[in-house]
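Listed below are the residues making up each chain.
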Amino acid sequence: MACLLETPIRMSVLSEVTASSRHYVDRLFDPDPQKVLQGVIDMKNAVIGNNKQKANLIVLGAVPRLLYLLQQETSSTELKTECAVVLGSLAMGTENNVKSLLDCHIIPALLQGLLSPDLKFIEACLRCLRTIFTSPVTPEELLYTDATVIPHLMALLSRSRYTQEYICQIFSHCCKGPDHQTILFNHGAVQNIAHLLTSVSYKVRMQALKCFSVLAFENPQVSMTLVNVLVDGELLPQIFVKMLQRDKPIEMQLTSAKCLTYMCRAGAIRTDDNCIVLKTLPCLVRMCSKERLLEERVEGAETLAYLIEPDVELQRIASITDHLIAMLADYFKYPSSVSAITDIKRLDHDLKHAHELRQAAFKLYASLGANDEDIRKKIIETENMMDRIVTGLSESSVKVRLAAVRCLHSLSRSVQQLRTSFQDHAVWKPLMKVLQNAPDEILVVASSMLCNLLLEFSPSKENMAFQAEQKIKADILRSLSTEQLFRLLSDSDLNVLMKTLGLLRNLLSTRPHIDKIMSTHGKQIMQAVTLILEGEHNIEVKEQTLCILANIADGTTAKELIMTNDDILQKIKYYMGHSHVKLQLAAMFCISNLVWNEEEGSQERQDKLRDMGIVDILHKLSQSPDSNLCDKAKTALQQYLA
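Residues numbered from 1 in each chain as written. Predicted model: local features only at pLDDT ≥ 70, side-chain atom pairs only at ≥ 80, totals over all residues. Heavy atoms only, no water.

Per an unreviewed UniProt entry, the chain goes by Armadillo repeat-containing protein 8 and derives from Moschus moschiferus.

The structure is reproduced here in structure tokens:
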């Protein structure tokens, strides 16, 4: 029963199914093996291109019988092969068909079939496995359940061009993430697949190329290996470069560009290497042209965005290649009313997938504008750009919304744009809507974006801590709650801890605010500071914490919370003599604020710190080879002399 379709069949339909298809299934049970074979062949001819017939036969129980015949030792090799062909044809129907086949445990049966000595049967099993594994409903893990499967597939790669094509296709579809990459790499995927790039079969070359793109993605180990692999005396990157030349099929150009992009991002190829600057980047820009198909434009833009994301020089080169910034504006007008698409099926497909173009354009604009002010200006001046981003923030597709937020975040790094375009379009309004019930990945980027909008020089800033009014700071503390704030200060996630320390440091700025906050929350803040300075934290965390202490030391009354806490004073003294200059400097800021002689009580504070040996340390630091540290120490010593 597990192999039946999920949806119930009405009796009238079932009787119709029985009348037209029952005889195909009945013949599978004939005692004469020859008649069974002919029955399977007739079934094969009946289901080709006929999804209704495929569904009917599955409902009538054809799959368990075909699998039984495929696994029976008494079945002839020809019968087993024909059974595998029919099962492959059934798998080419709907996703429900594939689910029914999986429910009948087709994968173990087909994998068992690969142990046969007969090549035609092996190829039929592999073809069926390829169809099943490339379906979105099939869990990739099913390929890795039995540890003997991968090495056996590697061994079968040498049998024929069909085994090569199907196995490479299975690998490229089932390699999802570092665990799968490691398994395939450790079983010799690179060595076994590399020579297939020079196969006479285009399909084999193409599937081998796709394998390398998924193996290299975000994987330094694989990428570093690929750089040094020789095939017929030629290094693999050189072969990839040849495959992305203009005379090669677009699919091959794109996949080769992806291989080189992934190797570059994994650190195996330098960003200024000619194969990246003169070959890969221009190829990907070509893919963004409106002459290309929708999926090629999407893949080209997304791959280019990934390639240039961390490198400002590649961003600059891309921005002036083939008018890319203007070319991307066409992604928002597709398909246009004067579209050249005459194929109705293609037009229907593109209308359903047009949002993918917008997503890809936002991603590429985000990468282009990540660092350079001039590029950001060009992007924002592109026709209706800000309106398009604002529209993107409210699209139904989560992926488009995320890409639009990322684009906005990238552009918000510009002080000039924060003061002009962002204010003119009141982008904070749709951004606030995006934050409501948004997935975590959108929340992270949108929150960072809000931080940029709320900086002092941005007109949108009316609700953030740095240089904010006392009332706003009190509102932040009340809304966040001190309990939550101190919970975040003990969070195990480094990013959360750093952001919380940054918020606290901003809250504790300007004297009246410092004194007010420390008068109500001083005890808890000092406890949190003590715990962090005592804990196993990195340099950045300790530096940020010492900077918070320096801000407290700048308060009029708040500084007494430090002066009356010998434990904290000893910690400041310890960090003045630390081996890391950043921590020494941060500790020096604390001391400078405490000994400043123009403030009330400075003499008593100076005396106490002198008794602790602070002046001796200041004399030593005034001889420091670090000019910043030396200057700070001398300035502090002058406060004692004044």
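Now that the structure is up, let's keep going.
The next thing to look at is the packing of helix H8 (residues 119–133) against helix H10 (residues 161–174). Helix packing for two helices is described by the angle between their axes and how far apart those axes are. Closest axis-to-axis distance for the H8/H10 pair is 9 Å, and the angle between their directions is 25°. As judged from the angle between their axes, H8 and H10 are roughly parallel. Remark: the crossing between H8 and H10 carries left-handed chirality. Along the contact surface, H8 presents Leu119, Ile122, Glu123, Leu126, Arg127, Leu129, Arg130 and Phe133, while H10 presents Tyr162, Thr163, Glu165, Tyr166, Ile167, Gln169, Ile170, His173 and Cys174. Of the residues assigned to the contact of H8 with H10, the class counts are 10 nonpolar, three polar and four charged. (Axes fitted to C-alpha atoms, helices over the stretch in contact; angles between N-to-C directions. Helix = DSSP H or I, 4+ residues; strand = E, 2+ residues; numbered from the N terminus. Parallel < 35°, antiparallel > 145°, perpendicular 65-115°, else oblique. Left-handed = near helix turned anticlockwise from the far one by under 90°. Contact = heavy atoms within 4.5 Å. Nonpolar A, V, L, I, M, F, W, Y, C, P; charged D, E, K, R; others polar.)

In this section: the UniProt feature "repeat: ARM" (unreviewed entry) in the chain. When the UniProt feature table is mapped to this numbering, "repeat: ARM" (unreviewed entry) covers residues 61–97. Spanning residues 61–97, this segment combines 76% helix with 0% strand, and its end C-alpha atoms are found 12 Å apart. (UniProt positions renumbered as here; feature names shortened; annotations may be inferred.)

We now examine helix H2 (residues 33–47). The end-to-end C-alpha distance of H2 is 21 Å, a good match for the 21 Å that 15 residues give at a rise of 1.5 Å each. With a side-chain oxygen lying 2.9 Å from the backbone nitrogen of Gln34, the N-terminal cap of H2 falls on Asp32. The positive-phi residue at the C-terminal boundary of H2 is Gly49, with phi of around 70°. (Expected span 1.5 Å × (residues − 1). Polar contact = N/O pair within 3.5 Å; in protein donor to acceptor, adjacent residues only side chain to side chain.)

We now examine the nonpolar core. Ranked by internal contacts, the top residues of the largest apolar core, which has 153 residues, are Phe212 and Leu368. The element contributing the most residues to this core is H8, with nine residues. Grouped together as the second largest cluster of nonpolar side chains are 58 residues, Ile517, Ile548, Leu549 and Tyr640 included. (Core = buried A, V, L, I, M, F, W, Y, C linked by side-chain atoms within 4.5 Å. Buried < 20%, exposed > 50% of the residue type's maximum accessible area, 1.4 Å probe, protein only.)

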